[in-house]
Amino acid sequence: MADIIADNLRLVNERVEQATIRSGRDAGACELLVVSKTWPAVTVAEVVAAGHLSFGENKVQEAEGKIPDLPEHLRWHLIGHLQRNKARKALPLFDVIHGIDSLKLARYCANIATELDLNPDIYLQVNLAAEERKAGYCADQLKSELDELLSLPGLNIMGLMCIPPAVSHPDDARPWFAQLRELRDHLEEKGGRQLPGLSMGMSGDYEVAIEEGSTIVRVGSAIFGKRDAL
Ligand SMILES: *Cc1c(COP(=O)(O)O)cnc(C)c1O
């Protein structure tokens, strides 16, 4: 298992680098986040042993059990929507939060971060296709709340995150990734400051996402193999 995981990691890192170069950027301009949800600490430790240090989890409770069993110098990202009632627990655990999708939630997190003297990196989640089952800002709401979001203390707003609708071919996701980048460009102009981060791309489509400007791809099954259906 350890050999397979190390091989997968090497392959994905190579592909990330090649796609980044294809996109006209420096080789290291896109980060790989290894999504470790559902995998136990012993399995995550194999990826750490292969030299990787940043991991994504989507459930606060699961992460709470796993993080103490792994080395302290790892960097943990919460991916997916953050529930308000989990925020107080989540903020001390995670260095990066990818799922803030309302001003109310952002204000609440800003208060906790200030109180606990934390300064998490934040990606604002956007629901590009306005899918009912998915969390995330609709673009217009985000445009209208941007100024206040950027003025909140305690939160380091990096940029945008999306989980586009499922597609049958990776290339079909390209327009969604381009749309997130264009929204980001618009917000940068409107907000008068840079939003360098684009958290987009998963196992099935990360190379396409990088070609469209992703700065961090969230990859799970291409490293660990298939998760058990939950
Ligand atoms: C599970 C998950 C991923 C990783 O998915 P894979 O297809 O296994 O790479 C990425 N982002 C989010 C938000 C997830 O929940």
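## A look at the pairing of strand 4 (residues 96–100)
Among the 5 residues that make up strand 4, 5 are buried, leaving the element largely enclosed by the rest of the structure. As paired strands, strand 3 (residues 75–78) and strand 4 are joined by 2 bridges and run parallel to one another. Bridged to His77 within strand 4 is Val96. Viewed along the sheet, the connection from strand 3 through helix 4 (residues 87–93) into strand 4 turns out right-handed. Across 3 bridges, the pairing between strand 4 and strand 5 (residues 121–126) is parallel. Bridge assignment links Ile97 to a residue of strand 5, and that residue is Ile122. Handedness of the β-α-β unit built from strand 4, helix 5 (residues 103–115) and strand 5 comes out right-handed.

## Some remarks on the layout of surface pockets
Volume-wise, the largest pocket comes out at about 830 Å³. If you trace the largest pocket, you find 27 residues lining it, with Lys37, Lys134, Ile163, Met202 and Arg218 closest to the centre. For the lining of the largest pocket, the residue count by class is 11 nonpolar, 10 polar and 6 charged.

## Focus: helix 1 (residues 2–22)
End to end, helix 1 covers 30 Å across 21 residues, agreeing with the expected 30 Å (1.5 Å per residue, within 8%). Three or more residues of helix 1 are buried, namely Ile5, Ala6, Leu9, Val12, Val16, Ala19 and Thr20. Along the long axis of helix 1, the arc covered by the buried residues comes to 160 degrees, so they all point the same way. The outward face of helix 1, more than 90 degrees from its buried face, is lined by the exposed residues Asp3 and Ile4.

## Thoughts on the state of the cysteines
Enumeration according to the criterion identifies 0 disulfides in this entry. Cysteine Cys109 remains unbridged, with the sulfur of Cys138 as its closest cysteine sulfur at 19 Å. Here Cys138 stays unpaired: no disulfide links it, and the sulfur of Cys162, its closest cysteine neighbor, is 15 Å away.

## Things to note about the packing of helix 5 against helix 6 (residues 139–151)
In the contact formed by helix 5 and helix 6, the axes pass within 10 Å of each other and the chain directions differ by 5 degrees. When the interaxial angle is binned, helix 5 and helix 6 end up roughly parallel. Contact with helix 5, carried on its side by Leu103, Ala106 and Arg107, involves Glu145, Glu148 and Leu149 of helix 6 and no other residues of that element.

Cut-offs used in this document
Residues numbered from 1 in each chain as written. Predicted model: local features only at pLDDT ≥ 70, side-chain atom pairs only at ≥ 80, totals over all residues. Heavy atoms only, no water. Buried < 20%, exposed > 50% of the residue type's maximum accessible area, 1.4 Å probe, protein only. Helix = DSSP H or I, 4+ residues; strand = E, 2+ residues; numbered from the N terminus. Pairing = 2+ DSSP bridges. Right-handed = clockwise from strand over helix to strand, strands pointing away. 1 Å grid on protein atoms, 1.4 Å probe; cavity = no way out; pocket = protein on both sides within 12 Å on 5 of 7 lines; lining within 4 Å. Points joined across faces, edges and corners; volume = space filled by probe spheres on them. Nonpolar A, V, L, I, M, F, W, Y, C, P; charged D, E, K, R; others polar. Expected span 1.5 Å × (residues − 1). Arc of directions from axis to C-beta. Disulfide = S-S within 2.5 Å. Axes fitted to C-alpha atoms, helices over the stretch in contact; angles between N-to-C directions. Parallel < 35°, antiparallel > 145°, perpendicular 65-115°, else oblique. Contact = heavy atoms within 4.5 Å.

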